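# Structure assessment
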Amino acid sequence: MPASPNATARDEVLAAHRAHLRSMADGDTDALDDLLDHGFTRTHITGYLAYNNSEPTE
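Residue numbers run consecutively from 1 along every chain, following the written order of its sequence. In keeping with the model being predicted, local features are shown solely for residues with a pLDDT of at least 70 and side-chain atom pairs are shown and tallied solely at 80 or more, while totals for entire chains, interfaces and linings include all residues. Hydrogens and water are ignored here; the side-chain numbers use all heavy atoms of the structure.

The next thing to look at is the overall build of the protein. In this text, helices come from DSSP runs of H or I with a minimum length of four residues, and strands from runs of E with a minimum of two, each type numbered from the N-terminal end. Counting its secondary structure elements, the protein contains 2 helices and 2 strands. Its helices and strands taken in sequence order, the protein reads α-α-β-β from the N to the C terminus. Under the scheme applied here, a residue whose accessible area is under 20% of the maximum for its type counts as buried, over 50% as exposed, and between as partly exposed, the area being computed with a 1.4 Å probe on protein chains only. Across the 58 residues in the protein, those meeting the buried criterion constitute 14%. When contacts within the protein are restricted to residue pairs at least 6 apart in sequence, long-range pairs at least 24 apart make up 3% of them. For the protein, the accessible area works out to roughly 4700 Å², and carbon and sulfur atoms hold 55% of it. By definition in these notes, contact holds between two residues if any of their heavy atoms fall within 4.5 Å. Using a 1.4 Å probe, the Shrake-Rupley method yields the accessible areas, and only the shown protein chains count as cover for residues.

Summarising the element assignment, H20 is placed in helix α1 (residues 5-26). Looking at H20, the relative accessible area reads 14%, which means it is buried. Apart from the residues within four sequence positions on either side, H20 is in contact with L32, L35, L36 and F40.

Take α1 next. Taking 1.5 Å per residue, 22 residues should reach 32 Å; α1 reaches 31 Å between its end C-alpha atoms and fits that length. In this structure, the buried residues of α1 make contact with α2 (29-35). Note on α1: the residue one or two positions beyond its end, G27, has a positive phi of about 70 degrees. To estimate how far a helix should extend, the number of its residues minus one is multiplied by 1.5 Å.

Before going further, it helps to examine the side chain of S23. For S23, the location among the structural elements is in helix α1. N or O atoms within 3.5 Å of each other form a polar contact, as long as, within protein, one can give a hydrogen and the other can take it, and as long as residues adjacent in sequence are counted only when both atoms are side-chain atoms. A distance of 2.8 Å separates a polar atom in the side chain of S23 from the backbone oxygen of A19. Apart from residues lying up to four places away in sequence, S23 is in contact with D28, A31, L32 and L35.

Mapped onto the secondary structure, A50 falls in strand β2 (residues 49-51). Classification of A50 as buried rests on a relative accessible area of 1%.

Such coordinate-based values are descriptive only and should not be taken to indicate function.
Here it is, written out as structure tokens:
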């Protein structure tokens, strides 16, 4: 029986999330460039803001 569209979308989101985490852990900025939108920002738990694949800044 084929997977439902929701299950397929969920699997794709999980795969993208895992690839993002793996790339962050490995410091693979080339992979992050491929995975993340140019306007992507991330806020670290400490409040530092990171743009796309850069290191966190104040």
